[in-house]
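This is what each chain is made of:
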Amino acid sequence: KDSVVLLGDVITVDQEYETAIEIALGGAISDVITKNENIARDLIDYLKEKKLGRATFLPLTIIKGRKISPPDNITSIPGFIGIASDLLSYDEKFNNAIQYVLGKTVICKDMNSALEVGKKSNHTFRIITLQGEVVNVGGALTGGSTFHKNTSIISRKRELEDISSELQITTERIYSLTKELTRA
């Protein structure tokens, strides 16, 4: 079980960055991180044999993560927030997989700052705004309305954690009140 995990299950994202990271990840949120390339190969063979579709595998033994280092004239632009891979939490053992997927993506506050970053960088990396708009490599823009924003995998994961925490607090409160009632 330790040797296979979904990328979306190994990251934690602050609520303010959820939309941007969800858009940055796209389908990669379901990429399968494997301990090594042999496990990935065996899983690909299994998918083929059973005709179960396709998946992308990120074997930790061979995946090469690359992270951009924007110069000061870009990082100093008002609205520049950071590199997507730096804006989430994850176990260090997954670093190469996370850098591979998010290490070349910049997060900016809004479209104006994203356009400025794109212009100053000569559109050499992908930029995502907090609202989920995209300035692609080469300059193409993607945006508009995002449907079902509250049902994203990342936000559902956070909501589950919040509900679990609330349930724990409520359970402790009920236990405490029950204890008080039995003493009375």
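Residues numbered from 1 in each chain as written. Predicted model: local features only at pLDDT ≥ 70, side-chain atom pairs only at ≥ 80, totals over all residues. Heavy atoms only, no water.

A separate point is the pairing of strand E8 (residues 126-129). Looking at chain direction, strand E7 (residues 105-108) and E8 are connected through four bridges and run parallel. By the bridge assignment for E8, Thr105 is matched with Arg126. With helix H6 (residues 111-120) bridging E7 and its parallel neighbour E8, the resulting β-α-β unit is right-handed. By the bridge criterion, two bridges tie E8 to strand E9 (residues 134-135) in an arrangement that is antiparallel. Paired with Ile127 across the strands is Val135, a residue of E9. The turn linking E8 back onto E9 is made up of four residues, and Gly132 within it adopts a positive phi angle of 95°. (Pairing = 2+ DSSP bridges. Helix = DSSP H or I, 4+ residues; strand = E, 2+ residues; numbered from the N terminus. Right-handed = clockwise from strand over helix to strand, strands pointing away.)

It is worth spelling out empty space enclosed by the protein at this point. Within this structure, the stated rule accounts for one cavity of 30 Å³ or more. Empty space within the largest cavity amounts to approximately 50 Å³. The wall of the largest cavity is formed by Ile11, Thr12, Val13, Glu18, Ile154, Lys157, Arg158 and Glu161. When contributions to the lining of the largest cavity are tallied by element, the ones reaching two or more residues are strand E2 (12-13) and helix H7 (153-183). At four residues, the largest contribution of residues to the lining of the largest cavity is made by H7. Class assignment of the residues belonging to the lining of the largest cavity gives a composition of three nonpolar, one polar and four charged. (1 Å grid on protein atoms, 1.4 Å probe; cavity = no way out; pocket = protein on both sides within 12 Å on 5 of 7 lines; lining within 4 Å. Points joined across faces, edges and corners; volume = space filled by probe spheres on them. Nonpolar A, V, L, I, M, F, W, Y, C, P; charged D, E, K, R; others polar.)

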